[in-house]
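What follows is each chain in one-letter form.
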Amino acid sequence: MKVTVDEDRCRGHGVCWALCPEVFDLNDDGYSEVLTPEVPAGFEETARAAVAQCPERAISEG
Ligand code: F3S
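- If you check an unreviewed UniProt entry, the chain appears there as Ferredoxin from Actinomadura fibrosa.
- For the chain, the Cofactor (unreviewed entry) comment in UniProt is given as "[3Fe-4S] cluster".
- Check the Function (unreviewed entry) section of the UniProt entry for the chain; it says "Ferredoxins are iron-sulfur proteins that transfer electrons in a wide variety of metabolic reactions."

Following this line, the structure appears as structure tokens:
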């Protein structure tokens, strides 16, 4: 599983980081940064939760 964040859509809500800090970080401006585009084994569920719960729908799978 891979994830990407659309920088144009991210508004810095931070839900991704709160749910799955192993995959998402926030940069100095508070916007999401993907740490590992290939989601490590065992974190698919929380990564998918981040995809589903980002209020801006900024995160995509694949
Ligand atoms: Fe941005 Fe959505 Fe995360 S708005 S900080 S990608 S929850």
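**Digging into the site of the ligand**
Here is step 1: For the ligand, the full set of nearby residues is Cys10, Arg11, Gly12, His13, Gly14, Val15, Cys16, Leu26, Ser32, Cys54, Glu56 and Ile59.
Here is step 2: Assessed atom by atom at 2 Å from the grid points, the ligand resides in the largest cavity.
Here is step 3: Split by residue class, the shell around the ligand holds six nonpolar, four polar and two charged.

**A closer look at the pattern of salt bridges**
Here is step 1: All chains considered together, the criterion is met by two salt bridges.
Here is step 2: One salt bridge in this structure joins Glu38 and Lys2, with 4.0 Å as the shortest N-O distance. Note that Glu38 is positioned in the loop between β3 (32-34) and α2 (44-53) and Lys2 in the segment before β1 (3-5), a separation of 36 residues in sequence.
Here is step 3: Residue Lys2 is classed as partly exposed on the basis of its relative accessible area of 46%.
Here is step 4: As a salt-bridge pair, Glu61 and Arg48 come within 3.5 Å of each other at their nearest N and O atoms. Taken together, the positions of Glu61 in strand β4 (residues 59-61) and Arg48 in helix α2 put the pair 13 residues apart, joining distant regions of the chain.
Here is step 5: Of the residues examined, Glu61 reaches a relative accessible area of 43% and is grouped as partly exposed.
Here is step 6: Here Arg48 falls in the partly exposed class, since its relative accessible area comes to 42%.

Here is what the cut-offs are and how they apply
- Residues numbered from 1 in each chain as written.
- Predicted model: local features only at pLDDT ≥ 70, side-chain atom pairs only at ≥ 80, totals over all residues.
- Heavy atoms only, no water.
- UniProt positions renumbered as here; feature names shortened; annotations may be inferred.
- Near = heavy atom within 4 Å.
- 1 Å grid on protein atoms, 1.4 Å probe; cavity = no way out; pocket = protein on both sides within 12 Å on 5 of 7 lines; lining within 4 Å.
- Sits in = over half its atoms within 2 Å of the grid points.
- Nonpolar A, V, L, I, M, F, W, Y, C, P; charged D, E, K, R; others polar.
- Salt bridge = Lys/Arg side-chain N within 4 Å of Asp/Glu carboxyl O.
- Helix = DSSP H or I, 4+ residues; strand = E, 2+ residues; numbered from the N terminus.
- Buried < 20%, exposed > 50% of the residue type's maximum accessible area, 1.4 Å probe, protein only.

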